[in-house]
Amino acid sequence: MAAPAAAFEVKTLSPPPPPRRARGVLPGFGLTLGYTMVYLSLLVLIPLSAVFIRSLGLGWGHFYEVVTAPRVVASLRLSFGASLIAALINVIFGLIVAWVLVRYTFPFKRLVDAMVDLPFALPTAVAGIALTALYAPNGWLGKWLLPLGIKVAFTPLGIVVALTFIGLPFVVRTLQPVLEDLDREVEQAAATLGASAAQSFVRVIMPALWPALLTGFALAFARAVGEYGSVIFIAGNMPMKSEIAPLLIVTKLEQYDYAGATAIAVVMLVLSFGLMLGINALQHWALSRHGGR
Amino acid sequence: MAAAESRTAGRSPALARALLIAVALSFLGLFLVLPLLTVFVQALAKGVGAYAAAILDPTAWASVKLTLLVAAIAVPFNLVFGVVAAWAIAKFEFRGKSTLITLIDLPFAVSPVIAGLIFILLFGSHGWFGGYLKVHHIRVVFAVPGIVLATIFVTFPFIARELIPVMQAQGKDDEETALSLGATGWQTFWRVTLPNIRWGLMYGVLLCNARAMGEFGAVSVVSGHIRGLTNTMPLHVEILYNEYNYAAAFAVASLLALLALLTLAGKSFLEWRQPELRHAARQGRDRTRREIT
């Protein structure tokens, strides 16, 4: 009971709220917010709700039957599994790339830095056919991997390669500003106190990087789960083996199975949104812990 | 300070530093440079003559024109929305602001395939408005309007998310001064706000345009793949590739790769003009979040 009273006390002590017309100094609030809401609703919210409303029409039994079909479960498992592996690869190498770009100087650094955004700029279909040509059994890389018994193109491994490409910029770009802001004096203090480079990395640098790493991971993962263009060329697209969930949606649409396509879409949307919310909450928690130090 | 600097430098041996740079550059070389190189090498594999023939082919030309048309409609739509939404969000305080920002970002969390699917569910022959459209002989899906809608959906957040932090950083003092000196709302916007945000605006347009021209998944679902009519460049690449016409597929792909390189160059130029743009989106979001919580 004491806490709300204290909160009330603080509130009365704070300066009085600005006069009502403070918002009215700049014009256009109603117009711009109204336009934003209408445009957002017409182009995003209402169309997106169509998926959920249409899936309700399926009935629970039919919906359950569609989404638990072995081929659907296999495709969802593949999409989320491959995305998880790709996002983890990007966390490890993204950390190294961001570190190198922020801390060290080397020739053509600016060019390398600019190239990191290539996966954002290169159309996914182009990335798809290029990676396939590279990793196909007669490709520049595939040729060397084949004698080692490693097949990349037309296997789930190829999917991981494509999703790693797609998610590459996210971890680097979320880590860079955090690394730039990192106070080096703390590291120097750790060094003066006798910490080794490894100790200082684990105890001093990593705790500050966790929230950004988590954000980068989440962004790369979310992007990878829904990815289509770069994957379908390299995947081989064999049902149960190398067929990703977005492709299965397309396949069902081509067979005029709208109900099936909608059901898979709903599962994907719910899983991704749920995951993003969870990671958001986790990040919020990490940020508040770190911020409160 | 200098002594401390050299001490830490001594603690981080040159070997580790060289190793990290090597790992980062190998990773980027493997995942970024090699695929990009492949596109151009494969495009010219059958000689310059075949390359020119593939690009000058009438269906290839039709796909180039359609891609330009779609971007020319989708980008201005999202540009107006971006400016309007940023005005409402950056210049005014209101409840539910963070929810609104999350909703604007929503299309980034939706698979492109699902983005296409939702417009089939709305405007397809079995869709909500399918009957009405059929009676009035209006084609949305499997025609250009559907491609435009799907493109607007997937590029929806680009310009808004770049402009919101830029406008927030500008504050509203300039505008309030202009208004107090007797300028009208429109004059203030055109003469004060717009010049202030022009680099951020160009940045957003650049990224939005790259995605609009390169979008594959969403457009693939709604296009119907009618050669010469509803094929954008990425879809044309797919068709040529699936016909085993690799040189032609990579020739058209090389045009898209050039667009990507131009985008990266433009992006670097704008970041050089306005260094805050680099991490503006992320920092803006964090600031908004902090203000609200």
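It should be emphasised that the depicted structure is a prediction, and the values quoted were computed from it without experimental measurement. (Residues numbered from 1 in each chain as written. Chains lettered and ligands numbered in written order. Predicted model: local features only at pLDDT ≥ 70, side-chain atom pairs only at ≥ 80, totals over all residues. Heavy atoms only, no water.)

### A word on the overall build of chain B
Moving on, step 1. Within chain B, the regular secondary structure consists of 15 helices and zero strands.
Moving on, step 2. For chain B, the spread of C-alpha atoms along the principal axes amounts to about 65 × 60 × 35 Å.
Moving on, step 3. Residue burial in chain B is summarised as follows: out of 293 residues, 53% are buried.
Moving on, step 4. The long-range share in chain B, meaning contacts at least 24 apart out of those at least 6 apart in sequence, stands at 73%.
Moving on, step 5. For chain B, the exposed surface amounts to about 13000 Å²; the carbon and sulfur share of it is 67%.
Moving on, step 6. Seen as two clouds, the 24 positive and the 16 negative side-chain charges of chain B have centres 3 Å apart. (Helix = DSSP H or I, 4+ residues; strand = E, 2+ residues; numbered from the N terminus. Buried < 20%, exposed > 50% of the residue type's maximum accessible area, 1.4 Å probe, protein only. Contact = heavy atoms within 4.5 Å. Areas by Shrake-Rupley, 256 points an atom, 1.4 Å probe, with all protein chains shown as cover. Lys, Arg positive; Asp, Glu negative; His and termini not counted. Charge placed at Lys NZ, Arg CZ, Asp CG, Glu CD.)

### Regarding the interface of chain B and chain A
Moving on, step 1. Every contact between the two is made by 95 residues of chain B and, on the other side, 94 residues of chain A.
Moving on, step 2. Together, the buried faces of chain B and chain A total about 8400 Å²; carbon and sulfur atoms form 78% of this surface.
Moving on, step 3. The interface formed by chain B and chain A contains one salt bridge.
Moving on, step 4. For D117(A), the salt bridge identified is with K267(B), shortest N-O distance 2.4 Å.
Moving on, step 5. The element contributing the most residues to the side of chain B that touches chain A is helix 2 (residues 14–43) of chain B, with 20 residues.
Moving on, step 6. Per-class residue counts for the side of chain B that touches chain A are 64 nonpolar, 17 polar and 14 charged. (Buried area = accessible area lost by both parts, 1.4 Å probe. Salt bridge = Lys/Arg side-chain N within 4 Å of Asp/Glu carboxyl O. Nonpolar A, V, L, I, M, F, W, Y, C, P; charged D, E, K, R; others polar.)

### Regarding the packing of helix 4 (residues 58–91) of chain B against helix 13 (residues 233–242) of chain B
Residue and element names in this part refer to chain B.
Moving on, step 1. Contact geometry of helix 4 with helix 13 gives a least axis separation of 8 Å together with a crossing angle of 150°. One finds that helix 4 runs roughly antiparallel with respect to helix 13. Of helix 13, the residues touching helix 4 (which contributes T59, A60, S63, V64 and T67) are M233, P234 and H236.
Moving on, step 2. Within the contact of helix 4 with helix 13, the residues separate by chemical class into four nonpolar, four polar and no charged. (Axes fitted to C-alpha atoms, helices over the stretch in contact; angles between N-to-C directions. Parallel < 35°, antiparallel > 145°, perpendicular 65-115°, else oblique.)

### Focus: the packing of helix 7 (residues 124–135) of chain A against helix 9 (residues 156–181) of chain A
Residue and element names in this part refer to chain A.
Moving on, step 1. One can describe the packing of helix 7 onto helix 9 by two numbers: an axis separation of 10 Å at closest approach and a directional angle of 135°. Comparing the axis directions of helix 7 and helix 9 gives the class oblique. With respect to the hand of their crossing, helix 7 and helix 9 are arranged in right-handed fashion. Along the contact surface, helix 7 presents T124, A127, L131 and Y135, while helix 9 presents V161, A162, F165 and I166.
Moving on, step 2. Grouping the amino acids of the contact of helix 7 with helix 9 by side-chain chemistry returns seven nonpolar, one polar and no charged. (Left-handed = near helix turned anticlockwise from the far one by under 90°.)

### Considering the domain arrangement of chain B
Residue and element names in this part refer to chain B.
Moving on, step 1. Domain annotation for chain B reports domain 1 (1–43) and domain 2 (47–292).
Moving on, step 2. Spacing between the C-alpha centres of domain 1 and domain 2 amounts to 33 Å.
Moving on, step 3. Listed as interface residues are five residues of domain 1 and, on the opposing side, nine residues of domain 2.
Moving on, step 4. For the pair domain 1 and domain 2, the summed buried area comes to about 610 Å², and 83% of that belongs to carbon and sulfur atoms.
Moving on, step 5. When the buried area of domain 1 at its contact with domain 2 is split by residue, V39, F40 and A43 rank highest and sum to 68% of it.
Moving on, step 6. Counting the contacts that link domain 1 with domain 2 gives zero residue pairs in polar contact (both at pLDDT 80 or more). (Domains from an automatic or database assignment. Polar contact = N/O pair within 3.5 Å; in protein donor to acceptor, adjacent residues only side chain to side chain.)

### Some words on the environment of F120(A)
Residue and element names in this part refer to chain A.
Moving on, step 1. On the secondary structure map, F120 appears in helix 6 (residues 118–121).
Moving on, step 2. On the basis of relative accessibility, which here comes to 34%, the residue F120 falls in the partly exposed class.
Moving on, step 3. Each C-alpha atom of the pair F120 and I166 lies 7.5 Å from the other, and the pair is 46 residues apart in sequence.
Moving on, step 4. Beyond its immediate sequence surroundings of up to four residues, F120 is in contact with P169 and F170.

### Observations regarding helix 10 (residues 173–180) of chain B
All names here are of chain B.
Moving on, step 1. Buried within helix 10 are the following residues: E175, A178 and L179. Along helix 10, the residues classed as buried sweep out an arc of 100° about the axis, all on the same side. Among the exposed residues of helix 10, those pointing more than 90 degrees away from its buried face are D173 and S180.
Moving on, step 2. Summarising the contacts, the buried residues of helix 10 are in contact with helix 4 and helix 11 (185–214). (Arc of directions from axis to C-beta.)

### Quick word on the nonpolar core
Moving on, step 1. Counting 196 residues, the largest nonpolar core has L122(A), Y135(A), I249(A), I104(B) and F153(B) as the members making the most contacts within it.
Moving on, step 2. Top contributing element to this core by residue count: helix 4 (residues 70–103) of chain A, with 16 residues.
Moving on, step 3. Dropping the residues within four chain positions of it, L122(A) is found in contact with A127(A), F165(A), L36(B), A257(B) and A260(B). (Core = buried A, V, L, I, M, F, W, Y, C linked by side-chain atoms within 4.5 Å.)

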